[in-house]
Amino acid sequence: IAFSATVNPDLIQGGTADISVLDLSDDSVKKIVAQPGPDSSPRWSPDGKQILFSSSMGKASYFAGNSRLALVSAEGGPVRSLTDAFDENAGFVAWTPEGIYFSGMRKTSVHLFRLDPGSLRIERVTGPDAFIGSGFSFSRDGKTMAFLSASPMSMNEVCVSSFPFRPRPLTDMTAQADAFILGTREVISWKSKDGTEIEGVLIKPADFDPARKYALLCVIHGGPTGVDRPILLTPDARNYPADIWVARGALILKVNYRGSAGYGEKFRKLNIRNLGVGDAWDVL
C-alpha cells in the first residue's frame, strides 16, 4: 500500500507530507519520497513498478506554486517530474496504455490532458477551448470516460465519451431551469493599473439594453487562488443570487483578480507581498 503522511495532523504541517510504502507481508513501512514541500496522492503504475504522485518538487515555499505530477520507483530513488511544461496544477485522473491522463485549468476552462511518460509530450484531449469539465472517471479498459460538463447555458451534466473526444450527455439537469428567466454569462478582460490583463465573468439580464445604465455589483471569490467560471447557476448562487439581481436591473462582475487559479504560476504569485493592493487594482 502506497500512502502519504504528515508529521502530525495539524493543517499547518501539510508541507511535510511524504510518500511511504507499507509491505503487507510483514507490516514494514519504507519511506520512498522525503523532500521539502508536500508529496501526496500516490498512485501505482499499471505494472506496479513505479508510483505516481503530486509534488511541489522540493519547494518548501509551495503555496502559490504549481503542483506537478512526479514519478518514483516503488523501491525509492530519484524523483522525476513529469509536468514541468504544464503551467498549472495537474490533477491525476488515470494511467492507461495510451498514457497518463490528468485534468488542468486553462483560464476559466478545465480540460483533460494526456501525457506520454517517456517523451513527456502533453496533448489536450477535450474541446472546444471553452470546455469546463470535472469529475473525470475512466472505464476499466481505459477506452471510455465519464465526466461532468457545464457551460454558460447549462448546469453540470453527466457525460460519456470514447476517444477521440465526442461527448454524449446522459442527464438533463438543466431542464429544471427551463421556466427561469436567467442572465447571460460571458468572459471579459481588461488591463489593471500596472498593465496586467485580468479576466472576469460578466452576467447580464436576459433583456440587456446597451443604451441603458445599470448598477454594477462585483462578486469577489475567496482563496485567493479560487476562480470564477461562466457556469449556469453556480453553487454560490445561494449566497450571491446573480440571476435574481440582474433581473432587478444590475450587472454582475465576478473578477478573477491576480492570485486566481487557472492563469499560471506567475499570475498566481502576483499578489505575494502585494495582497490587498494589486488585487484591489484589478477589481477597481
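An account of the accompanying structure is given in this report. Every value quoted in this text rests on a predicted model; they were computed, and no experiment measured them.

Calculation notes
Residues numbered from 1 in each chain as written. Predicted model: local features only at pLDDT ≥ 70, side-chain atom pairs only at ≥ 80, totals over all residues. Heavy atoms only, no water. Helix = DSSP H or I, 4+ residues; strand = E, 2+ residues; numbered from the N terminus. Contact = heavy atoms within 4.5 Å. Areas by Shrake-Rupley, 256 points an atom, 1.4 Å probe, with all protein chains shown as cover. Lys, Arg positive; Asp, Glu negative; His and termini not counted. Charge placed at Lys NZ, Arg CZ, Asp CG, Glu CD. Pairing = 2+ DSSP bridges. Axes fitted to C-alpha atoms, helices over the stretch in contact; angles between N-to-C directions. Buried < 20%, exposed > 50% of the residue type's maximum accessible area, 1.4 Å probe, protein only.

With that settled, consider the overall build of the protein chain. When you go through the protein chain residue by residue, the secondary structure sums to three helices and 19 strands. With the principal axes as the frame, the protein chain shows a C-alpha extent of 75 × 45 × 35 Å. For the protein chain, restricting intrachain contacts to residue pairs at least 6 apart in sequence, the fraction spanning at least 24 positions comes to 41%. Carbon and sulfur atoms provide 55% of the accessible area of the protein chain, an area that totals close to 15,200 Å². Distance between charge centres in the protein chain, computed from 31 positive and 31 negative side chains, equals 4 Å.

Following the sequence through the fold, Thr83 ends up in the loop between strand 7 (80–81) and strand 8 (91–96). In this structure Thr83 touches Arg68, Leu69, Ala90, Phe102 and Leu115, once residues within four positions along its chain are discounted.

As a further point, take the sheet that holds strand 19 (residues 250–256). Strand order across the open sheet formed by four strands is 16-17-19-18, with mixed pairing between neighbours. The two strands at the open ends of the sheet, each matched to only one other strand, are strand 16 (184–191) and strand 18 (215–220). In this sheet, adjacent strand axes meet at a mean angle of 30 degrees when their direction is disregarded. When strand 18 meets strand 19, the two strands line up parallel, connected through six bridges. In the sheet register, Leu216 faces strand 19, and the bridge partner there is Leu251.

Looking at the element boundaries, Ser119 is found in the loop between strand 10 (109–115) and strand 11 (122–124). Judged by relative accessible area, which is 51%, Ser119 ranks as exposed. For Ser119 and Thr144, which are 25 residues apart along the polypeptide, the C-alpha to C-alpha distance reads 24 Å.

Bringing the pairing of strand 4 (residues 39–44) into the picture now. Examined bridge by bridge, strand 4 and strand 5 (residues 50–55) share four bridges and lie antiparallel to one another. Note on strand 5: the bridge partner recorded for Ser40 is Ser54. The loop that links strand 4 with its antiparallel partner strand 5 comprises five residues; one of these, Gly48, has a positive phi angle of about 75 degrees.

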